[in-house]
Amino acid sequence: MAQAHSPDANIYFVPHSSKWPFVGSIAMFVTMFGVASWLNDAAWGKWTFFTGVFLLCATLFMWFGDVIRESVSGNYNKQVDVSFRMGMVWFIFSEVMFFAAFFGALFYARQFALPWLGGEGDGVMTNALLWDGFSSAWPSAGPGQVGGQFQTIPAWGLPLLNTLILLTSGVTITIAHHALKAGHRKQLLVFLGLTVLLGCVFLFFQAEEYIHAYKELNLTLGSGIYGSTFFMLTGFHGAHVTLGTIMLAIIWLRCARGHFTRDDHFGFEAVAWYWHFVDVVWLGLFLFVYVL
């Protein structure tokens, strides 16, 4: 991310001969080929997948390292900074659309698909001919009772605790941001470190919740439409929290090394934007998946 502006504001820095896009495309191909083979029970699929993941992580580590070195070397000017900001805005917008699709699937299943299968509206004959006796209610595994009977996770237990944790993390990263702009280095590191810690605690409790759901509630990814939407939404959100926590940890290390100034710290701001986005998505999840 842009840190120090180039002395010549008219020159837009463009890196040349970077091998990382090519290497990254190979890593992603190996990863997807591996997971597809794994799902089709190929003996070598699992190890191909993990090899691809390792190559992808190594590529990102080296690529981001190059970007950081370019930044602290003063290669980026104001135009590059604007490009980074626009790129981050569009990235977060794409993430909004990503989760909107899954929330839309949840809404469609609850408000349209299940009532039709239960005989409401135009689904009278569907119910009579295919699923006679099925009464639509949420949560449901569907008329076929795929995955068998299950119990749901109460909203006012771990989900509420995780909501409070994420809301608190939004406060701590905001305090850290103000500390950075005020030049208070110690306060910056303390509150940014707390944000990383809260992200880790959130992930720990979510793992505990998943273990409880699978072992004691029979709530799995195969528990019909409810299980599918529940784990699809919460699982992808958990993946985003994991990514955000890693990003925050890296930003903490960069803050400790003095990579940012009070006037030039978009690397920090980009991660803060992403973290606030993760917070907002969780509030939607808590309301529409756990409470309602």
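Residues numbered from 1 in each chain as written. Predicted model: local features only at pLDDT ≥ 70, side-chain atom pairs only at ≥ 80, totals over all residues. Heavy atoms only, no water.

A. Structural view of the environment of S169. Topologically, S169 is positioned in helix α5 (residues 158-182). Judged by its relative accessible area of 0%, S169 falls in the buried class. Remark: the alpha-carbon pair of S169 and G52, spanning 117 residues in sequence, is separated by 32 Å. When near neighbours in sequence (up to four residues on either side) are disregarded, S169 contacts T195, L198, W275 and D279. Looking at S169, its side chain comes within polar contact range of the main-chain oxygen of L166, at 2.6 Å. Engagement of the side chain of S169 in a polar contact is seen with the side chain of W275, the distance being 2.8 Å. (Helix = DSSP H or I, 4+ residues; strand = E, 2+ residues; numbered from the N terminus. Buried < 20%, exposed > 50% of the residue type's maximum accessible area, 1.4 Å probe, protein only. Contact = heavy atoms within 4.5 Å. Polar contact = N/O pair within 3.5 Å; in protein donor to acceptor, adjacent residues only side chain to side chain.)

B. Molecular detail of a nonpolar patch on the surface. On the surface, a nonpolar cluster with roughly 600 Å² of combined accessible area is contributed by V82, M86, W90, F93, V96 and M97. Along the chain, M86 falls in helix α3 (residues 78-117). Given a relative accessible area of 49%, M86 falls into the partly exposed group. (Patch = residues over 30% accessible without salt bridge, like charges linked within 9 Å, V, L, I, M, F, W, Y side chains within 5 Å. Areas by Shrake-Rupley, 256 points an atom, 1.4 Å probe, with all protein chains shown as cover. Salt bridge = Lys/Arg side-chain N within 4 Å of Asp/Glu carboxyl O.)

C. Structural detail: the pattern of salt bridges. As enumerated under the stated definition, the model contains three salt bridges in all. Among the salt bridges present, the one from R69 reaches D66, with a minimum N-O distance of 2.5 Å. Remark: D66 and R69 occur in helix α2 (residues 45-72); sequence separation between them is three residues, near one turn of the helix. The class for R69 is partly exposed, based on a relative accessible area of 46%. The partner of R85 in a salt bridge is E269, and the shortest N-O contact between them spans 2.9 Å. On the criterion of sequence distance, the pair formed by R85 in helix α3 and E269 in helix α8 (residues 266-291) is long-range, its members being 184 residues apart. One continuous salt-bridge network, built from bridges that share partners, spans D81, R85 and E269.

D. Examining α5 more closely. Here α5 is 25 residues long and its end C-alpha atoms lie 36 Å apart, about the 36 Å a rise of 1.5 Å per residue gives. Remark: G183 follows α5 within two positions and exhibits a positive phi of approximately 80°. (Expected span 1.5 Å × (residues − 1).)

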